[in-house]
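The residues making up each chain are set out below.
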Amino acid sequence: MAKKLLLAALLACAPASAQSVTLPYELPALEGKAIRGVTIGPIESALHPGRGYGSPAFERGLDEAVRLGATWISLTPFGRAWDLEATGVDKAFELPFAENQRGLLRAVKQAHARGLKVLLVPHLWVESGQWRAEIDPKSEEGWRRFAESYRAYVLAWARFAATAHVDMLAAGVELRSWLTTTHAPSFFPILRDIRAAYSGLLTYAANWDDVDQTVILGELDVIGINAFYPLTDKQNAGEDELVSGGREVAKKVKELAERWQKPVLFNEFGYTARPDPALRPWEWPDFMSGVKVDAAAQASAYRGLLAGMLESRELVGAFVWRLYADPDDLSQEAEWGFSPRGRLAELYLRDAYWGQWQSDYRGRWRGGFFREPARVPGVF
């Protein structure tokens, strides 16, 4: 009840446009089929020359994404906050900012040359190893300074997105402590500045368990979710239970889309290759040790979530988490990590991406739901 009252209070002080439930304009970039997306993570370190965004290795990754059936890729440059009490954002991360942008520009051009559209998702890395969703500068002055520094960071990427003709931009990722609290009103001027700099589609990647409390959804073109949903509450769940869990996720997507009259996108989805990955999928693999690799369990979790995704009329697409800029570089995550590459989960993903989704459609999104949705027989 307290969260609902807070949400109502924050919406009351939000701009009028944030409370609208219809879009007065079309979203032509969403014409055609649902987004079959692949997140390609960066390798920005100077210790790995020739393997980052825009490199020949990255082009091999793009070719793999095309063969997988991808129609979009997501690129994830990072900025740095030193700890959870940070009052600023460093635009540089492992390489100078200008050098990162040059690599990203090459990467966007390489993707477009292959017919792939691009979602750009500027992330924050917390150097202390903690979660960005818990950032708290501890004072009003600290929050003011953090907001101003974040504004400079995200606007630098918004201007880049405009210059590079990026197809969709995320205004942020998992900013729970900001966008679900009384600090949220300070984000609306940042959104207006982003709109002034960039005219393409705008989304924001809320976490799966706080999207209902995120108060900026009315300002977005597409509601984004980092969709690491649990599909079960017990160990050793069978595939039927996981499929049932995926369909429960689809119901939540439908409710959210109907509430805001806006399309929903999974900015990230995926499961690790370890036992019971659908039980607590948000647990970060690199913080674990001695874990048994279980590719079959990963595939079962994929199958469960994909069942709901493919049947959802309101979900306009999703980006699997993730591959890397050099697809052959196995040093980027633990062996039991998220990548489906070369595993059974990749086969499920390939079948889904080359198949038909309920949200494949003819016509455009016009502030309501898609016209003449395709009817998909039971895939799973």
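Residues numbered from 1 in each chain as written. Predicted model: local features only at pLDDT ≥ 70, side-chain atom pairs only at ≥ 80, totals over all residues. Heavy atoms only, no water.

Quick look at the pairing of strand β2 (residues 72-75)
Stage number 1. Of the two faces of β2, the one lined by Trp72 and Ser74 and the one lined by Ile73 and Leu75 are each fully buried.
Stage number 2. Two elements, strand β1 (residues 35-41) and β2, share four bridges in a ladder whose sense is parallel. Within the sheet, the bridge partner assigned to Val38 lies in β2 and is Ile73.
Stage number 3. For the crossover that starts at β1, traverses helix α2 (residues 56-68) and ends in the parallel β2, the hand is right-handed.
Stage number 4. Where β2 and strand β4 (residues 117-120) come together, four bridges link them in parallel fashion. Within the sheet, the bridge partner assigned to Trp72 lies in β4 and is Lys117. (Buried < 20%, exposed > 50% of the residue type's maximum accessible area, 1.4 Å probe, protein only. Helix = DSSP H or I, 4+ residues; strand = E, 2+ residues; numbered from the N terminus. Pairing = 2+ DSSP bridges. Right-handed = clockwise from strand over helix to strand, strands pointing away.)

Looking at the packing of aromatic side chains
Stage number 1. Going through the model one piece at a time under the given rule, you end up with 23 aromatic pairs.
Stage number 2. On the numbers, 5.6 Å between centres and 55° between planes, the contact of Trp208 with Tyr229 is tilted. Remark: Tyr229 occurs in the loop between β8 (222-226) and α7 (239-260) and Trp208 occurs in the loop between β7 (201-207) and β8; sequence separation between them is 21 residues. The pair Trp208 / Tyr229 is uniform in exposure class, with both members buried.
Stage number 3. Among the aromatic residues, those joined into a cluster by ring pairs are Trp143, Phe146, Tyr150, Tyr153, Trp178 and Phe187.
Stage number 4. Against the face of Phe97 rests Lys91, its NZ or CZ located 5.8 Å from the ring centre. (Phe/Tyr/Trp six-rings, centres within 6.5 Å; stacked < 30°, edge-to-face > 60°. Lys NZ or Arg CZ within 6 Å of the ring centre and 35° of its normal.)

Observations regarding the sheet that holds β8
Stage number 1. Here eight strands make up a closed barrel; going around it, the order is β1-β2-β4-β6-β7-β8-β9-β10 and the pairing parallel. Taken over all neighbouring pairs, the strand axes of this sheet differ in orientation by 25° on average, direction set aside.
Stage number 2. As paired elements, strand β6 (residues 168-173) and β7 share four bridges and run parallel to each other. Across the sheet, the residue bridging to Ala170 is Thr203, located in β7.
Stage number 3. Contacting β2 and β4, helix α3 (residues 97-113) crosses the sheet at an angle of about 150° to β4. (Axes fitted to C-alpha atoms, helices over the stretch in contact; angles between N-to-C directions. Contact = heavy atoms within 4.5 Å.)

Examining the environment of Thr214
Stage number 1. For Thr214, the location among the structural elements is in the loop between β7 and β8.
Stage number 2. With 10 residues separating them in the primary sequence, Thr214 and Tyr204 have C-alpha atoms 9.8 Å apart.
Stage number 3. Not counting residues within four places of it along the chain, the set of residues in contact with Thr214 comprises Leu179, Thr180, Tyr204 and Ala206.
Stage number 4. A polar contact of 3.0 Å, which involves the side chain of Thr214, links it to the backbone oxygen of Asp210. (Polar contact = N/O pair within 3.5 Å; in protein donor to acceptor, adjacent residues only side chain to side chain.)

Overview of the pattern of salt bridges
Stage number 1. Under the criterion given, the structure shown has 28 salt bridges.
Stage number 2. Between Arg176 and Asp209 there is a salt bridge whose closest N-O contact spans 2.4 Å. Taken together, the positions of Arg176 in helix α5 (residues 176-179) and Asp209 in the loop between β7 and β8 put the pair 33 residues apart, joining distant regions of the chain.
Stage number 3. With relative accessibility at 24%, the residue Arg176 sits in the partly exposed group.
Stage number 4. Connected through shared salt-bridge partners, Arg51, Arg60, Glu64, Asp326, Asp328, Asp329 and Arg341 make up one network. (Salt bridge = Lys/Arg side-chain N within 4 Å of Asp/Glu carboxyl O.)

Some thoughts on the side chain of Asp221
Stage number 1. Along the chain, Asp221 falls in the loop between β7 and β8.
Stage number 2. For Asp221, a relative accessible area of 2% gives the class buried.
Stage number 3. At 3.0 Å, the side chain of Asp221 forms a polar contact with the side chain of Arg195.
Stage number 4. A polar contact is formed between the side chain of Asp221 and the backbone nitrogen of Leu202, at a distance of 2.8 Å.

Some remarks on helix α8 (residues 295-311)
Stage number 1. Taking 1.5 Å per residue as the helical rise, α8 with its 17 residues ought to reach 24 Å, and the 25 Å between its terminal C-alpha atoms agrees with that figure.
Stage number 2. In terms of residue burial, α8 counts as a mostly covered element, since 14 of its 17 residues are buried.
Stage number 3. N-cap assignment for α8: the residue whose side-chain oxygen lies 3.3 Å from the backbone N of Ala296 is Asp294. (Expected span 1.5 Å × (residues − 1).)

Focus: the nonpolar core
Stage number 1. Phe266 and Phe269 are the most contacted members of the largest nonpolar core, which has 99 residues in total.
Stage number 2. Sort the elements by how many residues they give to this core and helix α4 (residues 140-164) lands first, with 13 residues.
Stage number 3. Once you skip the residues sitting within four places of it in the chain, Phe269 turns out to touch Ala227, Phe228, Tyr302, Leu305, Leu306, Met309, Ala318, Phe319, Val320, Trp321, Leu349 and Tyr353.
Stage number 4. Grouped together as the second largest cluster of nonpolar side chains are 14 residues, Met168, Ala205, Val222 and Leu265 included. (Core = buried A, V, L, I, M, F, W, Y, C linked by side-chain atoms within 4.5 Å.)

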